[in-house]
Amino acid sequence: MTVGLVVVGCGGHGREIVTIARAADEAAGRRLWRLLGVVDDRPSEENLKRLQRLDVPYLGGVAWLRDAPPEVHHVIGIGDPRVRRTVGRRIDGYATPAASLVHPDATIGPDARYGPGFVAFAGARVTTNVTMGRHVHLNQNSTVGHDSTLADYVSVNPLAAVSGECVLAEGVLIGTTAAVLQGLRVGRDSIVGAGACVVRDVPDEVVVKGVPAR
Ligand SMILES: CC(C)(COP(=O)(O)OP(=O)(O)OC[C@H]1O[C@@H](n2cnc3c(N)ncnc32)[C@H](O)[C@@H]1OP(=O)(O)O)[C@@H](O)C(=O)NCCC(=O)NCCS
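Reading the values: rules and limits
- Residues numbered from 1 in each chain as written.
- Predicted model: local features only at pLDDT ≥ 70, side-chain atom pairs only at ≥ 80, totals over all residues.
- Heavy atoms only, no water.
- Helix = DSSP H or I, 4+ residues; strand = E, 2+ residues; numbered from the N terminus.
- Expected span 1.5 Å × (residues − 1).
- Buried < 20%, exposed > 50% of the residue type's maximum accessible area, 1.4 Å probe, protein only.
- Contact = heavy atoms within 4.5 Å.
- Pairing = 2+ DSSP bridges.
- Near = heavy atom within 4 Å.
- Polar contact = N/O pair within 3.5 Å; in protein donor to acceptor, adjacent residues only side chain to side chain.
- Areas by Shrake-Rupley, 256 points an atom, 1.4 Å probe, with all protein chains shown as cover.
- Nonpolar A, V, L, I, M, F, W, Y, C, P; charged D, E, K, R; others polar.
- Core = buried A, V, L, I, M, F, W, Y, C linked by side-chain atoms within 4.5 Å.
- Domains from an automatic or database assignment.
- Buried area = accessible area lost by both parts, 1.4 Å probe.
- Salt bridge = Lys/Arg side-chain N within 4 Å of Asp/Glu carboxyl O.

Draft legend 1. Spotlight on helix α3 (residues 81-92). Look at α3: 16 Å from first C-alpha to last across twelve residues, which is about the 16 Å you get at 1.5 Å a residue. Along α3, the residues that are buried comprise Pro81, Arg84, Arg85, Val87, Gly88 and Ile91. Packing partners of the buried residues in α3 comprise β1 (3-8), β4 (73-76), β11 (137-138), β14 (155-156) and β17 (173-174).

Written out as structure tokens, the structure is:
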């Protein structure tokens, strides 16, 4: 069955997600997604041109989804977890369901679970007994180890490594190439800076950086 899809956000993250939908179609050898276009409340001229180069229509603001037919799915193409949550909560008030996209070059363990709006970019690796909530995004070449839990709106940026038995609370951002050692918890809305190594639990709503992360 082909599903109508709208990507929310025409910035770099959103346009990368457009390419994931296309890669999934190509790997399947059939059209899984009918990409209707992208919505964005404040697209820059430059991003609209980039979208045009991808041959993807710009449909208008996010409110376009409010009147979309109920079979049209959306995926939020916004990298910042908190902005993604704000937009996600707005769209929750509309009828449109969230789609989950997995790049064909990502590997997701057979017993891993994820909620609507999940996106796995190329090279993302998830092993066994991992639970991921709604609108979790695993960016390129990131890894999530066994028995970990990622709550809603978590982002794991490129090349970051989340070890086994970790808990990332809602809205956490793990920066590019950062590592979270096994069994640790990162608190709600906290940010782990690029390149950091987390060696102890991180409380809610803080930014930690460096090696070891402080
Ligand atoms: C850690 C982070 C959140 C800090 O952001 P910020 O508060 O805006 O920080 P600033 O850029 O104002 O820098 C503040 C200080 O922290 C330092 N700093 C910034 N990021 C750092 C990092 N990742 N590791 C170590 N030090 C860092 C800066 O050099 C600066 O130091 P100074 O005060 O001695 O000059 C951010 O730099 C970061 O790493 N974000 C993740 C980005 C990412 O993953 N991008 C990939 C997108 S796909």
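Draft legend 2. Representation of the sheet that holds strand β10 (residues 131-132) within the structure. Sheet architecture is open: five strands sit in the order β7-β10-β13-β16-β19, paired in parallel fashion. Each end of this open sheet is capped by a strand with a single partner; those strands are β7 (113-114) and β19 (185-186). Alignment of β7 against β10, held across two bridges, turns out to be parallel. Paired with Tyr114 across the bridge in β10 is Met132.

Draft legend 3. Geometry of the site of the ligand. Taken together, Asn157, Pro158, Gly175, Thr176, Ile191, Gly193, Ala194, Val207 and Lys209 make up all the residues around the ligand. For the ligand, an oxygen atom lies 2.8 Å from a polar atom in the backbone of Thr176. Contact with the protein chains hides 35% of the accessible area of the ligand, taken as 900 Å² for the molecule alone. In the shell around the ligand, the residues fall into four nonpolar, four polar and one charged.

Draft legend 4. Representation of the nonpolar core. Membership of the largest hydrophobic core comes to 30 residues, with the highest contact counts inside it found for Met132, Leu138, Leu150, Val156, Leu168, Ile174 and Val192. Every residue in contact with Leu150, bar those within four places of it in the chain, is listed here: Thr131, Met132, Gly133, Val136, Leu138, Val144, Val156 and Leu168. If you look at the next biggest cluster of nonpolar residues, it comprises 19 residues, including Leu5, Ile17, Trp33 and Val119.

Draft legend 5. Fine view of the domain arrangement of the chain. Segmentation of the chain into domains returns domain 1 (3-99) and domain 2 (100-208). Distance between the C-alpha centres of domain 1 and domain 2: 22 Å. A combined buried area of about 1900 Å² lies between domain 1 and domain 2, and 60% of that area is made up of carbon and sulfur atoms. Broken down residue by residue, the surface that domain 1 buries against domain 2 is led by Ile20, Arg84 and Arg85, which jointly contribute 31%. In this structure, the connection of domain 1 to domain 2 is made through four salt bridges. Of the charged contacts, one joins Glu170 and Arg89 as a salt bridge, the two residues approaching to 3.3 Å between their closest N and O atoms. Among the secondary structure elements, those contributing two or more residues to the side of domain 1 that touches domain 2 are α1 (12-28), β4 and α3. Top contributing element to the side of domain 1 that touches domain 2 by residue count: α1, with eight residues. Tallied by class, the residues present in the side of domain 1 that touches domain 2 amount to 14 nonpolar, four polar and six charged.

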